[in-house]
Amino acid sequence: MRRGSPSKGFLVLGEIRSGCLHSATLELTSKARLLADNLGIEVSTLLMYSEIDTEPETLVHYGADRVLCVRDDRLSLFDQEVHSKILCRIIEEIDPEMVLAPATTSGRTIMPAVAAMLGTGLTADCTELEIDPDTGLLLQTRPAIGGNIMATIKTPERRPQMATVRPRTFAIPAPNPDRRGRVTAMTFTDQCFESRIKPLGHERFQEDDVNIQDRDIIVSGGKGMKKEDKFSLLRELAGLLDGGVGASRAAVDNKWIGYSHQVGLSGKVVAPKVYFAVGISGSVQHLAGMQTAELVVAINKDPEAPIFRVADIGLCGDLFDIVPRVIEGIRAREGVSG
Ligand SMILES: Cc1cc2nc3c(=O)[nH]c(=O)nc-3n(C[C@H](O)[C@H](O)[C@H](O)COP(=O)(O)OP(=O)(O)OC[C@H]3O[C@@H](n4cnc5c(N)ncnc54)[C@H](O)[C@@H]3O)c2cc1C
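On a predicted model such as this, the values are computed, not experimentally measured, just so you know. (Residues numbered from 1 in each chain as written. Predicted model: local features only at pLDDT ≥ 70, side-chain atom pairs only at ≥ 80, totals over all residues. Heavy atoms only, no water.)

1. Describing the site of the ligand
Selection rule: Whether a residue is near a molecule or strand depends on its heavy atoms: it is near if one of them lies within 4 Å of it. We call two N or O atoms a polar contact when they sit within 3.5 Å, provided that within protein one can donate a hydrogen and the other can accept it, with sequence-adjacent residues counted only if both atoms are side-chain atoms. Exposure was quantified through the Shrake-Rupley algorithm and a 1.4 Å probe, taking into account, for residues, occlusion by the shown protein chains and nothing else. Side-chain classes follow a simple rule in which Ala, Val, Leu, Ile, Met, Phe, Trp, Tyr, Cys and Pro form the nonpolar group, Asp, Glu, Lys and Arg form the charged group, and the remainder, Gly included, forms the polar group.
Within the structure, the ligand sits among 26 residues, and K223, S248, S266, S281 and N300 are positioned closest to it. At 2.8 Å, a backbone N or O of L319 approaches a nitrogen atom of the ligand. Coverage of the ligand by the protein amounts to 76% of the 990 Å² it exposes when considered alone. Classifying every residue of the shell around the ligand by side-chain character gives six nonpolar, 14 polar and six charged.

This is the structure in structure tokens:
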């Protein structure tokens, strides 16, 4: 296997939202650590923020050799131009072999701009990353052709090798408080903070307050729900189980529920303990977002529906008959009145 120069390591683009470190930063830092150990190279994680709720050293416990901190009040609101320029400067300075970012809205916005500025390639929305044992290249795997095949992409010539990874793709290992690394503060000229974007204000999108990716139980509805107001059944069930409500793209396209609830290839990847698929057929694109759930309960009137192939518990019948009975059963067991 080709060994890398320690300085030509991994750079992970960290993400901080409203001062909170996004879990995808821990996920990608620990994945980069595993891959970097194959090559004997370093992992650096970059944080750009105005305020943060976590000590940057925490990332060392998850595998970073160094944490690069760019703290500036002008970073309080996400600005693609500014964030891209800073990432670009850092890449030029530390010359990483590989750059990883979460496939969140900001990662998906910054990384293509930076790849274009640097004249290199980018594989977006990866679901697996490995190191090629012969060449030491990053093997970047992602669904292609509408999710029907998995394509593994390499970047043999251009540098750095760049990929975004869908949050919750990799498990986050337990932190190792004994790991040692360094935290480096970096400063940039005013010119880096110049932008054509003039923010007028910042308003939090209510639906994002409940991120289904953080829920242990998700009750998702599909086209079988028939109407927007029928989603109240799923909200009731989810509420009883302290879960969140998800949806197929068909339900979102019908405007029965907002996009932030969509599960699947072009929505969110979720890995809850229990996933209810209600009136969802189980297309490959939907499965791409939920197949790592620990337990899948499918409710569908079509015994041939593909969702039953991945379901641990399959209830075949009319959802408008089954879901109220499930709700009733939970209420009776828990002594909750309706
Ligand atoms: C590039 C691309 C990206 C995509 N991304 C996504 C994505 O992120 N997420 C996603 O979900 N899809 C995605 N899709 C769309 C996907 O191909 C399917 O069209 C979609 O998942 C179908 O949604 P559905 O299962 O709700 O609807 P349908 O396939 O129409 O299934 C409805 C199901 O409800 C059942 N049903 C109907 N009435 C009842 C009843 N009364 N009781 C019980 N069961 C009932 C039916 O038997 C059927 O199985 C994508 C497609 C493409 C091409």
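2. A word on the packing of aromatic side chains
To be explicit about the condition: Two rings from Phe, Tyr or Trp (for Trp, the six-membered ring) form a pair when their centres are within 6.5 Å of each other. A pair whose planes differ by under 30 degrees is stacked, one over 60 is edge-to-face, and the rest are tilted. To sit over a ring, a charge needs its Lys NZ or Arg CZ within 6 Å of the ring centre and within 35 degrees of the ring normal.
Evaluated as defined, the whole model comprises zero aromatic pairs. Directly above the ring of F193 sits R74, whose terminal nitrogen or CZ lies 4.0 Å from the centroid. If you follow K230 out to its NZ or CZ, it ends over the ring of F320, 5.6 Å from the centre.

3. Quick notes on unusual backbone geometry
Rule in force here: Going along the chain from the N terminus, every DSSP run of H or I of four or more residues is numbered as a helix, and every run of E of two or more is numbered as a strand. Summary of the burial criterion: residues with accessible area below 20% of their type's maximum are buried, those above 50% are exposed, and those between are partly exposed, where the area comes from a 1.4 Å probe applied to protein chains only.
Residue P160 is reached from R159 by a cis peptide bond, and omega for that bond is -5 degrees. Residue position: P160 is located in the loop between β10 (149–153) and β11 (161–165). A positive phi angle, near 60 degrees, is found at D125, a position not held by glycine. Of note, D125 is situated in strand β7 (residues 123–126). The exposure class assigned to D125 is buried, which follows from its relative accessible area of 14%. Although it is not a glycine, K255 sits at a positive phi angle of roughly 65 degrees. Of note, K255 is situated in the loop between α6 (249–253) and β15 (274–278).

4. Section: helix α9 (residues 319–334)
The cut-off we apply is this: The length a helix should cover is 1.5 Å for every residue beyond the first. Should any heavy atoms of two residues lie within 4.5 Å, those residues are counted as being in contact.
Here α9 contains 16 residues, and its C-alpha end-to-end distance of 22 Å stays within 8% of the 22 Å for a straight helix at 1.5 Å per residue. Listed in full, the buried residues belonging to α9 are L319, I322, V323, I327, I330 and R331. The elements touched by buried residues of α9 are α5 (231–240), β15, β16 (295–300) and β17 (313–316). Near the N-terminus of α9, the side chain that reaches the backbone nitrogen of F320, with its oxygen 2.8 Å away, is that of D318. Count one or two residues on from α9 and you reach G335, which has phi positive near 65 degrees.

5. Notes on the environment of M162
With respect to the helices and strands, M162 occurs in strand β11. Look at M162 and you get buried, because its relative accessible area is 0%. When sequence neighbours within four positions are dropped, the list of residues in contact with M162 reads V99, M111, V114, A115, L118, T120, G121, L122, T123 and Q140.

6. Brief notes about the packing of helix α3 (residues 80–94) against helix α4 (residues 105–118)
Our working definition: The angle between two axes is taken between their N-to-C directions and runs from 0 to 180 degrees, where each axis is a line fitted to C-alpha atoms and a helix contributes only its stretch in contact. In what follows, roughly perpendicular refers to angles from 65 to 115 degrees, roughly parallel to angles under 35, roughly antiparallel to angles over 145, and oblique to any angle outside these ranges. Handedness of a helix crossing follows the sense of rotation of the near helix relative to the far helix, less than a right angle counterclockwise being left-handed and clockwise being right-handed.
With their axes 9 Å apart at the nearest point, α3 and α4 run at an angle of 50 degrees to one another. It follows from the interaxial angle that α3 and α4 lie oblique. The element α3 and its partner α4 pack so that their crossing is right-handed. Within the contact between the two elements, α3 uses Q80, H83, S84, K85, L87, C88, I91 and E92 and α4 uses T109, I110, M111, A113, V114, M117 and L118. When grouped by side-chain class, the residues that make up the contact of α3 with α4 number nine nonpolar, four polar and two charged.

7. Digging into the state of the cysteines
Using the following cut-off: Only a pair of cysteine sulfur atoms within 2.5 Å qualifies as a disulfide here.
With the rule as written, the count across this model stands at zero disulfides. Unpaired in terms of disulfides, C69 finds its nearest cysteine sulfur in C20, a separation of 16 Å. A relative accessible area of 5% means that C69 is categorised as buried. Here C192 stays unpaired: no disulfide links it, and the sulfur of C88, its closest cysteine neighbor, is 9.6 Å away. You can call C192 buried: its relative accessible area is 1%.

8. Describing the packing of α5 against α9
Orientation of α5 relative to α9, taken along the N-to-C sense of each, is 25 degrees, at an axis distance of 10 Å. Taken together, the axes of α5 and α9 are roughly parallel relative to one another. Of the two possible hands of crossing, α5 and α9 adopt the one that is left-handed. Across the interface between the two elements, L233, E236, L237 and L240 from α5 touch F320, V323, P324, V326, I327, I330, R331 and E334 from α9. Here the residues of the contact of α5 with α9 are counted per class, giving nine nonpolar, no polar and three charged.

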